[in-house]
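Now for the letters of each chain:
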Amino acid sequence: MAMLEWVSGRVFKFVHGNNLVYNTCWEDPRLDRVALQLGPSDTVLVITSAGCNALDYALCEPAHVYAVDMNPRQNALLDLKLAGIRALEFEDFFQFFGRGHHPQAPRLYERCLRRLLPAWSRAWWDRWIKFFHHPQRSFYYRGTSGAFARMMRTYIDRVLRVRPYIDAILDAGSVEEQRAIYERHLKKKFWSPPLRFALRRDTTLSLVGVPRAQRKQVESQYPGGIAQFVQDAVEAVFCQLPLADNYFWRVYLQGHYTPDCCPEYLRPENFQKLKAGLVDRISTHTNSVQGFLEQHTGPITRLVLLDHMDWLSTFRHAELELEWQAIIDRATPDARILWRSGGLQVEFVDPLSVTVQGKCYRVGDLLRYNRELAAELHAKDRVHTYGSFYIADLALA
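Keep in mind that this is a model prediction, so the values were computed, not measured.

Asks: What's the story with the overall build of the protein in this structure? I'm lost.
Replies: For the protein, the count of helices and strands is 20 helices and nine strands. Taking 21 Å as the expected radius of gyration for a compact globule of 397 residues, we find that the protein reaches 21 Å, a close match to that expectation. C-alpha atoms of the protein, sized along the principal axes, occupy 65 × 55 × 40 Å. Looking at the 397 residues of the protein, the share that counts as buried comes to 58%. Long-range contacts, defined here as pairs at least 24 residues apart, represent 72% of the contacts in the protein between residues at least 6 apart. Summed over its atoms, the accessible surface of the protein is roughly 17,200 Å², and 53% of this surface lies on carbon and sulfur atoms. Across the protein, the 49 positively charged side chains and the 44 negatively charged ones have centroids separated by 7 Å.

Asks: Can you walk me through the pairing of strand β2 (residues 64-69) in this structure?
Replies: Regular strands show a simple pattern: their side chains alternate between the two faces of the sheet. Across the six residues that make up β2, a large majority, six, are buried. By the alternation rule, side chains of β2 split into His-64, Tyr-66 and Val-68 and Val-65, Ala-67 and Asp-69, which are all buried. Examined bridge by bridge, strand β1 (residues 43-47) and β2 share five bridges and lie parallel to one another. Across the sheet, the residue bridging to Thr-43 is His-64, located in β2. For the handedness criterion, the β-α-β arrangement of β1, helix α3 (residues 52-58) and β2 is classed as right-handed. Across five bridges, the pairing between β2 and strand β3 (residues 282-286) is parallel.

Asks: Is there a simple way to explain the sheet that holds β1 in this structure?
Replies: Two orientations exist for strands paired in a sheet by backbone hydrogen bonds: parallel and antiparallel. With mixed pairing, the seven strands of this open sheet are ordered in space as β3-β2-β1-β4-β5-β9-β8. In this open sheet, the two edge strands, each paired with only one partner strand, are β3 and β8 (367-369). Across the sheet, the axes of successive neighbouring strands diverge by a mean angle of 20 degrees, strand direction being ignored. The sheet contact formed by strand β4 (residues 300-304) and strand β5 (residues 331-341) spans four bridges and is parallel. Considered in β5, the bridge of Arg-302 is made with Arg-336. The sheet contacts of helix α2 (residues 29-36) involve β4, β5 and β9 (388-394), and relative to β5 the element is tilted by about 155 degrees. Relative to β5, helix α19 (residues 317-330) is tilted by about 145 degrees, and along the sheet it contacts β4, β5, β8 and β9.

Asks: Explanation requested: the pattern of salt bridges in the structure shown.
Replies: Close approach of charged atoms allows side chains of opposite charge to pair. In total, this model carries 17 salt bridges according to the counting rule given. Linking Arg-382 and Asp-245 is a salt bridge whose minimum nitrogen-to-oxygen distance equals 3.8 Å. Here Asp-245 lies in the loop between α14 (225-239) and α15 (247-254) and Arg-382 lies in the loop between α20 (371-378) and β9, a separation of 137 residues in the sequence. When its relative accessible area of 7% is taken as the criterion, Arg-382 is described as buried. A relative accessible area of 26% means that Asp-245 is categorised as partly exposed.

Asks: I keep staring at unusual backbone geometry and nothing clicks. Help me out?
Replies: Where the residue is not glycine, phi is negative for most of them; where a peptide bond is considered, it is trans in most cases. Although it is not a glycine, Arg-161 adopts a positive phi angle of roughly 55 degrees. Residue position: Arg-161 is located in the loop between α8 (143-160) and α9 (163-170). For Arg-161, a relative accessible area of 63% corresponds to the exposed category. Not every positive phi belongs to a glycine, and Gln-357 is a case in point at roughly 50 degrees. The topology assignment puts Gln-357 in the loop between β6 (353-356) and β7 (359-362).

Asks: Help me understand the environment of Glu-321, please; the structure alone is not making it clear to me.
Replies: Structurally, Glu-321 can be placed in helix α19. Residue Glu-321 is classed as partly exposed on the basis of its relative accessible area, which comes to 25%. Through-space distance from the C-alpha of Glu-321 to that of Thr-258 is 42 Å; in sequence the pair is 63 residues apart. At 2.9 Å, the side chain of Glu-321 forms a polar contact with the backbone nitrogen of Ser-353.

Asks: Explain helix α7 (residues 119-128) here, please?
Replies: Two residues of an α-helix separated by three or four positions point the same way, owing to the 3.6 residues in each turn. For α7, the full list of buried residues reads Ser-121, Trp-124 and Trp-125. Relative to the axis of α7, the buried residues are bounded by an arc of 95 degrees and lie together on one face. Exposed positions of α7 whose direction lies more than 90 degrees from the buried face are Ala-119 and Arg-127. At its buried positions, α7 is contacted by α4 (72-87) and α6 (105-113).

Asks: Is there a simple way to think about the side chain of Gln-231 in this case?
Replies: Within the fold, Gln-231 resides in helix α14. In this structure Gln-231 touches Lys-187, Trp-191 and Arg-196, once residues within four positions along its chain are discounted.

Asks: For this particular structure, what's the right way to read the packing of aromatic side chains?
Replies: The relation between two aromatic rings is expressed through the spacing of the ring centres and the mutual angle of the planes. Counted according to the given criterion, the structure contains 29 aromatic pairs. For the pair Phe-93 and Phe-271, a centre-to-centre distance of 5.1 Å together with 40 degrees between the ring planes defines the contact as tilted. Here Phe-93, found in helix α5 (residues 90-97), pairs with Phe-271, found in helix α16 (residues 268-275); they are 178 residues apart in sequence, far enough to count as distant. Exposure class is identical for Phe-93 and Phe-271. Each is buried. On the numbers, 6.1 Å between centres and 75 degrees between planes, the contact of Trp-124 with Phe-131 is edge-to-face. Summarising the burial analysis for this pair, Trp-124 and Phe-131 share the class buried. Just above the ring of Tyr-369 sits the side chain of Arg-371; from NZ or CZ to the centre is 4.1 Å.

What counts, and where the lines are drawn
- Residues numbered from 1 in each chain as written.
- Predicted model: local features only at pLDDT ≥ 70, side-chain atom pairs only at ≥ 80, totals over all residues.
- Heavy atoms only, no water.
- Helix = DSSP H or I, 4+ residues; strand = E, 2+ residues; numbered from the N terminus.
- Rg over C-alpha atoms; globule rule 2.2 N^0.38 Å.
- Buried < 20%, exposed > 50% of the residue type's maximum accessible area, 1.4 Å probe, protein only.
- Contact = heavy atoms within 4.5 Å.
- Areas by Shrake-Rupley, 256 points an atom, 1.4 Å probe, with all protein chains shown as cover.
- Lys, Arg positive; Asp, Glu negative; His and termini not counted.
- Charge placed at Lys NZ, Arg CZ, Asp CG, Glu CD.
- Pairing = 2+ DSSP bridges.
- Right-handed = clockwise from strand over helix to strand, strands pointing away.
- Axes fitted to C-alpha atoms, helices over the stretch in contact; angles between N-to-C directions.
- Salt bridge = Lys/Arg side-chain N within 4 Å of Asp/Glu carboxyl O.
- Polar contact = N/O pair within 3.5 Å; in protein donor to acceptor, adjacent residues only side chain to side chain.
- Arc of directions from axis to C-beta.
- Phe/Tyr/Trp six-rings, centres within 6.5 Å; stacked < 30°, edge-to-face > 60°.
- Lys NZ or Arg CZ within 6 Å of the ring centre and 35° of its normal.

Shown next as C-alpha cells:
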C-alpha cells in the first residue's frame, strides 16, 4: 500500500507539475456569489484554476481579487484572458474562449496579446498559443482535463455512437425531457464495465485533478465507491437539474460554449464591464495559499480554497496546518471561507492546531459554519461532482 501511495502521488505530482491541468473552472460561481455576498470593500483570495471564477467574482465589484496558484500554467491562462479583455474586441475574445478556436490566433497573439503578458506567461504562450489554432481540436480538449474530455468525446462518438442523443439532451426544453432521453437512450449504454474500470484508476482521475487521497475519501464514504458516485452525480445533472445553462458539462461534451450557455465573463455586457476597469481588480500570483498570505500585507476578507485541502490532508498535513495558521494571521477576524471536497464529510479541518495571540486553538473552535446555506446551495450545484461544500466564517472578533 505504501508503494501504491508513493506511485500515485508521483503520478499526480507529475501531471500537475508539468501541464496545464484545468482549461475551465469546475466550480459553480453561482453558488459562490450567494455564499460570498461580495461587497465593494471585500478582498478575495481564490485558487486560480482556469481563472473563470476570478473573473466572475470581479463582476461583483469587490476591491480586489487575488488569483493564487502553484501551477504557473494556470495563472498563464488567466493572464491571457486578462490580456484578451484589455486588447481584443468581444467577437475575437469569444472566438478564443467561447468557441475554443480562432483562425487568426497566432496573429492576434503577436499583435495584441503578447506584449501584455508577464514574462513567464509570455514564454509559455509563445510555445502553446497553437492550442487555439487547430480547427478540429478545441482549446477545451487541451490540457490534462481536456485530454480526459476528449477521451470521453471519443467514447461517446465512436464507441457508443450516441452523439445525437447527447446533443438532444443538451438542447432539451425541460428536465422531464432530459430525463426521458437519458433513461431511454443513454443510461444502459453509457455505464459500461470498461468505463467503470477507468473511473477507478488513479491515473485516469489524476487527469482531472483528483488525487488518490480524494478517491479514497469517496471510496470509504460512498456506497458503491467512486464509479457509483460519478454515475449518481451525472444522473443528477442530466435528470434533476436544467441543462439549458449548464455550461460546465456543455463545453466538455461539445468542445465549446454557446452565447446563451457560457460563463458570465463571456457575455458581451459583462465583457464590457471588465474591459471598462474591473479587469484591473484582478492579479495573478504563482505561490501556495500559505506563501501568498505570508507575503501579502493587506487584509483578506474572502477566501475560496476549492478542494485542494483533500490532497494536503493526506500527503502534507503539516503544510495544511501552516496554511490555516497563515489564514488566521492574515484574514480579517470575520472573514468568510469557502471550500469543497470530494468526500461526503470533511473531518480533517476542525482538529488542526493554530495559534492566536499566543494561545493554541483547534481550527473548528474558530469557525462558524453555515451548514444550512451550504447544503441548500450544494443541491443546486450545476457541476455536481463534489461530495460536500462548506461555508465558514472566522470568529476572531
